[in-house]
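Observations on the model geometry
These are the residues of each chain, in order.
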There are 2 protein chains.
Amino acid sequence: MPSRQPGPHSDPDPVPPGDPPRWRRRKEARPQEIVAAAMDVFAERGFAAARLEEVAARAGVSKGTLYLYFPSKDELFKAVIRAAILPNLQQAEALVAAAGGPCFPVLERLLRMVARLIATTRMAVIPRLVIAEAGNFPELAAFYHREVIRRGFGLLAALLRRGVENGEFRPVAVDPTVRLIVAPLLMSAVWRTSFDGVDGEPPLEVTALVEIHIDNLRRVLLQDSGEGAP
Amino acid sequence: MPSRQPGPHSDPDPVPPGDPPRWRRRKEARPQEIVAAAMDVFAERGFAAARLEEVAARAGVSKGTLYLYFPSKDELFKAVIRAAILPNLQQAEALVAAAGGPCFPVLERLLRMVARLIATTRMAVIPRLVIAEAGNFPELAAFYHREVIRRGFGLLAALLRRGVENGEFRPVAVDPTVRLIVAPLLMSAVWRTSFDGVDGEPPLEVTALVEIHIDNLRRVLLQDSGEGAP
DNA sequence: TTTTTATAACTGACCAGTCAGTTATTAACA
DNA sequence: TGTTAATAACTGACTGGTCAGTTATAAAAA
């Protein structure tokens, strides 16, 4: 059933003056809308199985329009990652920069912030996507490593060093400790987007997990905490 | 152009008696060889981007032969996972079952065993593969959850409970603690197969990481260790 | 009118899975 | 022992479908 073309002549209803046009120019709004739709589809299907036709449909445009704003599927993927991660990373950096005094409470705030992001936003899918596609897109892996991992690790490493220098923390090996701090968060994000709801498993309690993690870190990091667990 | 059947008589080069045949019947060896080749290709490319033609080539057979032994790409993928994981899981279960006395040394042995597997074998790629494809193959995710994760978690949970009951460990929350114990291992496996060598990063020191993890767990789990770190 | 933004039909490459035919191997028989 | 018939293992060209990316065309805006 073909659409209503305006008939060659004397068409009874060629394009009634008041009805909405078939599309509008919305140069400013398109990129965000496309990135949001792409994030949904990539999250559901992974990169390879995501179909650009579906991204376009969810963004309310045609496939061709995607290519007006993004030169390729790869670049669209990178845009999704940038949009999801960078604002949060900047927020975290600001949080650390602004804080003075003891380091452990800063660490606590950081971990809780990330836990909340993982538990409540779509951002949680990003690690899974990057992990899945790292092999096929070395350039993407490098991008993510450079723009996200290195910065995130650097942030934590600086905080740890500060804590060690002012005698608050034991003299730990910084790099491995950063990894051990991050691992449960990464695992939570991956879990929530891969196994939640599978096989009748109850959803992962990210917040509770992180609280216990923080408690453990207190025992591991602090020089001598005068508090025993009841 | 018909192939070179043994010419009836006086053929110049009919099939010189000593030369190897173009292929051999090797019904017994094929499945393992195909699974090994598939593991390599899946590891390098991920599931979706892996081409069965390449799997066949590396296994030294034609694509058709794959389908004599495995009904589909999905089933081949599951066979790869089964072959890589199950033997090790059984070994771990045996280790725990055989051990008596204090629990922490058993935990240490388990963690070191897994660390060695991650650092030195191709098994490390499995988590990445499953994570990547969990969305597209819910059945696979359920299979892995049931056959690997549940069993592995159960093993650790039982060990923890034993330690708590005999007063060796603090009364920890078992399920979250299991996750916190496993997370660094999972992260190491994923890291090694996604980011090692990217952006000039030195390879991850899995063994060293796990030793520090064990040290931290000592502080977290043990009721009261009479030893301070120097 | 021209320029910009968008569409939708199209193309070309890719690949999982199939199947008609080929070859190694074994068994039966001379 | 050598020859032949039967069968199981294997091959590789082919098919059908999918999908990233292209482009002719048209509508909206300037």
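Residues numbered from 1 in each chain as written. Chains lettered and ligands numbered in written order. Predicted model: local features only at pLDDT ≥ 70, side-chain atom pairs only at ≥ 80, totals over all residues. Heavy atoms only, no water.

In the annotation of an unreviewed UniProt entry, chain A is listed under the name Transcriptional regulator, TetR family and assigned to Azospirillum oryzae.

Quick look at the overall build of chain A now. Each helix and strand counted, chain A has 9 helices and 0 strands in total. Counted from the first residue to the last, chain A has its helices and strands arranged as α-α-α-α-α-α-α-α-α. A burial count over chain A gives 48% of its 230 residues as buried. Intrachain contacts of chain A at a sequence separation of at least 6 include 69% that bridge at least 24 residues. With an accessible surface of roughly 11,800 Å², chain A has 56% of that area assigned to carbon and sulfur atoms. (Helix = DSSP H or I, 4+ residues; strand = E, 2+ residues; numbered from the N terminus. Buried < 20%, exposed > 50% of the residue type's maximum accessible area, 1.4 Å probe, protein only. Contact = heavy atoms within 4.5 Å. Areas by Shrake-Rupley, 256 points an atom, 1.4 Å probe, with all protein chains shown as cover.)

Turning to the pattern of salt bridges, a few remarks are in order. Under the criterion given, the structure shown has 33 salt bridges over all chains. The partner of Glu108 of chain A in a salt bridge is Arg218 of chain A, and the shortest N-O contact between them spans 3.6 Å. One end of the pair, Glu108 of chain A, is in helix H5 (residues 104-120); the other, Arg218 of chain A, is in helix H9 (residues 206-221), and 110 residues separate them in sequence. For Arg122 of chain B, the salt bridge goes to Asp40 of chain B, with nearest N and O atoms at 2.6 Å. Of the two residues, Arg122 of chain B sits in the loop between helix H5 (104-120) and helix H6 (125-133) while Asp40 of chain B sits in helix H1 (residues 30-49), which places them 82 residues apart along the sequence. A relative accessible area of 43% means that Arg122 of chain B is categorised as partly exposed. The exposure class of Asp40 of chain B is partly exposed, given its relative accessible area of 26%. Via salt bridges that share partners, Glu108, Arg112, Glu211, Asp215 and Arg218 of chain A belong to a single interconnected network. (Salt bridge = Lys/Arg side-chain N within 4 Å of Asp/Glu carboxyl O.)

Let us now look at H5 of chain A. All names here are of chain A. Here H5 is 17 residues long and its end C-alpha atoms lie 24 Å apart, about the 24 Å a rise of 1.5 Å per residue gives. Turning to H5, its buried residues are Phe104, Val106, Leu107, Glu108, Leu110, Leu111, Met113, Ala115, Leu117 and Ile118. In this structure, the buried side of H5 is in contact with helix H4 (73-98), helix H7 (138-165), helix H8 (174-194) and H9. (Expected span 1.5 Å × (residues − 1).)

Moving on, we get to the side chain of Asn88 of chain A. Tracing the backbone through its elements, the reader meets Asn88 of chain A in helix H4. The residues touching Asn88 of chain A, leaving out its near neighbours within four places in the chain, are Met113, Leu117 and Met123 of chain A.

Moving on, we get to the UniProt feature "DNA-binding region" (unreviewed entry) in chain A. According to UniProt, the "DNA-binding region" (unreviewed entry) feature falls on residues 51-70 of chain A. Along residues 51-70 of chain A the backbone is 75% helical and 0% strand, and the end-to-end C-alpha distance reaches 15 Å. (UniProt positions renumbered as here; feature names shortened; annotations may be inferred.)

Bringing the protein's contact with DNA strand D into the picture now. Taken together, 24 residues form the shell around DNA strand D, and within it Lys63 of chain A together with Lys27, Arg30, Thr65 and Tyr69 of chain B come nearest. Backbone atoms, meaning sugar and phosphate, make up 68% of the atoms of DNA strand D lying within 4 Å of the protein. A distance of 3.0 Å separates a phosphate oxygen of DNA strand D from a polar atom in the backbone of Ala50 of chain A. In this structure, a phosphate oxygen belonging to DNA strand D sits 2.9 Å away from a side-chain N or O atom of Tyr67 of chain A. For the surface near DNA strand D, the secondary-structure elements that each account for two or more residues are helix H3 (63-69) of chain A together with helix H3 (63-69) of chain B. Looking at which element gives the most residues to the surface near DNA strand D, the answer is H3 of chain B, with 4 residues. Across the surface near DNA strand D, the residue classes tally to 9 nonpolar, 4 polar and 11 charged. (Near = heavy atom within 4 Å. Polar contact = N/O pair within 3.5 Å; in protein donor to acceptor, adjacent residues only side chain to side chain. Nonpolar A, V, L, I, M, F, W, Y, C, P; charged D, E, K, R; others polar.)

This part takes up helix H4 (residues 73-98) of chain B. Between its first and last C-alpha atoms H4 of chain B spans 38 Å; for 26 residues at 1.5 Å apiece the expected length is 38 Å, and the two agree. Maximum bend of H4 of chain B: about 30°, positioned at Ile85 of chain B, with proline Pro87 of chain B one to four residues after it. (Bend = angle between axes of the 7 residues up to and from the residue.)

This brings us to the nonpolar core. Core analysis: the largest hydrophobic core is formed by 157 residues, its most contacted members being Ile126 of chain A together with Ile126 of chain B. Among residues more than four places away in sequence, those in contact with Ile126 of chain A are Met39, Val80, Ile81, Ala84, Ile85 and Tyr144 of chain A. (Core = buried A, V, L, I, M, F, W, Y, C linked by side-chain atoms within 4.5 Å.)

This paragraph deals with the layout of surface pockets. Residues and elements named next belong to chain B. By volume, the second largest pocket amounts to about 240 Å³. Considering the residues around the second largest pocket, the lining is formed by Trp23, Arg24, Arg25, Arg26, Lys27, Arg30, Gly60, Val61, Ser62, Thr65, Leu68 and Tyr69. In terms of residue count, H3 provides more of the lining of the second largest pocket than any other element does, 3 residues in total. Tallied by class, residues from the lining of the second largest pocket come to 4 nonpolar, 3 polar and 5 charged. (1 Å grid on protein atoms, 1.4 Å probe; cavity = no way out; pocket = protein on both sides within 12 Å on 5 of 7 lines; lining within 4 Å. Points joined across faces, edges and corners; volume = space filled by probe spheres on them.)

Each side of the interface is counted separately: chain A has 44 residues, and chain B has 44 residues. In total, chain A and chain B occlude about 4,100 Å² of area from one another, counting both sides; carbon and sulfur atoms represent 69% of this. Sorting the residues of chain A by area buried against chain B places Arg179, Leu180 and Met187 of chain A first, and these three jointly supply 16% of that buried surface. Linking chain A to chain B there are 4 salt bridges. In this structure, Asp199 of chain B and Arg150 of chain A form a salt bridge, with 3.2 Å as the shortest nitrogen-oxygen distance. Linking chain A to chain B there are 4 residue pairs in polar contact (both at pLDDT 80 or more). Where the side of chain A that touches chain B is concerned, the elements lending two or more residues are helix H1 (30-49), helix H6 (125-133), H7, H8 and H9 of chain A. Residues of the side of chain A that touches chain B, tallied by class, amount to 28 nonpolar, 6 polar and 10 charged. (Buried area = accessible area lost by both parts, 1.4 Å probe.)

Now for the packing of aromatic side chains. For the coordinates displayed, the defined rule picks out 16 aromatic pairs over all chains. Positioned above the aromatic ring of Trp191 of chain B, the side-chain terminus of Arg179 of chain A is 4.5 Å from the ring centre. (Phe/Tyr/Trp six-rings, centres within 6.5 Å; stacked < 30°, edge-to-face > 60°. Lys NZ or Arg CZ within 6 Å of the ring centre and 35° of its normal.)

The operation relating chain A to chain B is a screw motion whose rotation component is 180°, with 0.0 Å of axial translation and a residual RMSD of 0.1 Å. Taken together, these values place the two copies in the relation of a two-fold axis. When each C-alpha of chain A is compared by its distance to the rotation axis, Ala132 of chain A comes out closest, at 2.3 Å. Comparing contact sets, 98% of the residues at the interface of chain A also lie at the interface in chain B, consistent with an isologous, same-surface contact. (Least-squares fit on C-alpha atoms with pLDDT ≥ 70 in both.)

The next point concerns the confidence of the model for chain A. Residue and element names in this part refer to chain A. The share of residues in chain A with pLDDT of 70 or more is 85%, and the mean pLDDT across the chain is 86. Note on residues 1-18: pLDDT is under 50 here. Beyond four places in sequence and across chains, it has 4 contacts. For residues 226-230, every residue scores under 50 in pLDDT, and the model assigns this stretch 3 contacts once sequence neighbours within four places are set aside. (pLDDT = per-residue confidence, 0-100.)

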